[in-house]
Amino acid sequence: DAGVTQSPTHLIKTRGQHVTLRCSPISGHKSVSWYQQVLGQGPQFIFQYYEKEERGRGNFPDRFSARQFPNYSSELNVNALLLGDSALYLCASSLDPTPYEQYFGPGTRLTVT
Amino acid sequence: DQQVKQNSPSLSVQEGRISILNCDYTNSMFDYFLWYKKYPAEGPTFLISISSIKDKNEDGRFTVFLNKSAKHLSLHIVPSQPGDSAVYFCAASGYGGSQGNLIFGKGTKLSVKP
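Nothing here was measured: the structure is a model prediction, and the numbers come from that model.

Chemist: Give me the lowdown on the sheet that holds strand S7 (residues 64–68) of chain A, citing residues and values where you can.
Modeler: All names here are of chain A. Read from one edge to the other, the open sheet built from 4 strands follows the order S1-S3-S8-S7, with strand pairing classed as antiparallel. Bordering the open sheet on either side are strand S1 (5–7) and S7, each of which pairs with just one other strand. Strand-to-strand twist across the sheet, computed as the mean angle between neighbouring axes with direction ignored, equals 15 degrees. As judged from the 5 bridges shared by S7 and strand S8 (residues 74–78), these two strands associate in the antiparallel manner. Residue pairing for S8: Phe-64 is matched across the bridge by Val-78.

Structure (structure tokens):
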């Protein structure tokens, strides 16, 4: 079975631009969470979606938004990019909204110049 | 203010010996704790977890111990193998009303030398 997939793998953007990151969960998983991992830190929670509804939001500005589609895939959007948004963006899927045994994708490495 | 702390950025252990990775937390509302392993260019991989109602959970070479009074947990790997070399993250949940919200420590890089 395929694991969590994310696209693109790497991305370079300029300050002020907009970016869309994509995630496909494991088949049968209905919950998707997004995390940001800055170099030298642990992953930090951004959003969780379950059955296409937002179930949780971390301490991130409104420039960050996300959505989940009927097939349970998800997009993370970041507007007005800042240098500090450079990070590894991780998507995790799970059967339900509980945090137990979330399965992570390989991440998208975003560099903002 | 970090709620989950891994105070050792790195740990080096000889193959076959025990690796002990430590994690401290500040929030008594946490009710579930997890350990993840991360190799470079890969996402974190779930390793083992423990509920706050237990003090020990074992899975093969991996054992997690929880000391609620000290707000401390540890991961023991016995025996350590070179393939265990990775960054290990401690994570906690149960606080903040968002069920899927995992709060991670900064990680400990484990190096197992042959």
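Having seen it, we continue.
Chemist: Give a description of the sheet that holds strand S6 (residues 56–59) of chain B that names residues and reports values.
Modeler: Residues and elements named next belong to chain B. Sheet architecture is open: 5 strands sit in the order S1-S3-S8-S7-S6, paired in antiparallel fashion. A strand with exactly one partner marks an edge of an open sheet, and here the two such strands are strand S1 (4–5) and S6. Relative to strand S7 (residues 62–67), S6 runs antiparallel, the two sharing 4 bridges. Within the sheet, the bridge partner assigned to Asn-57 lies in S7 and is Val-64.

Chemist: Tell me about the pairing of strand S9 (residues 87–94) of chain A, and name the residues and values.
Modeler: Every other side chain in a regular strand lies on the same face of the sheet, so the side chains alternate between the two faces. Residues and elements named next belong to chain A. Taken across its 8 residues, S9 has 8 buried, putting it largely inside the fold. The side-chain alternation of S9 yields two buried faces, one formed by Ala-87, Tyr-89, Cys-91 and Ser-93 and the other by Leu-88, Leu-90, Ala-92 and Ser-94. Relative to S9, strand S4 (residues 31–37) runs antiparallel, the two being bridged by 7 bridges. The partner of Tyr-35 across the bridge, within S9, is Leu-90. Inspection of the sheet shows S9 paired to strand S11 (residues 108–112) by 3 bridges, in the antiparallel sense. Among the inter-strand pairings, Leu-88 is bridged to a residue of S11, identified as Arg-109.

Cut-off values and rules
- Throughout, residues of each chain are indexed from 1 in the direction in which the sequence is written.
- A letter from A marks each chain and a number from 1 marks each ligand, given out in the order of writing.
- Under the rules for a predicted model, residues below a pLDDT of 70 receive no local features and side-chain atom pairs below 80 are neither given nor counted, while totals for whole chains, interfaces and linings still include all residues.
- Just so you know, side-chain values use all the structure's heavy atoms and leave hydrogens and water out.
- Paired strands are those between which DSSP finds at least two bridges.
- Helical segments are the DSSP runs of H or I of at least four residues, strand segments are the runs of E of at least two, and each set is numbered from the N terminus.
- Every angle, taken between N-to-C directions, lies between 0 and 180 degrees, and every axis is a line fitted to C-alpha atoms, over only the stretch in contact when it is a helix.
- The rule is simple: take the accessible area with a 1.4 Å probe, protein chains only, and divide by the maximum for that residue type; under 20% is buried, over 50% is exposed, in between is partly exposed.

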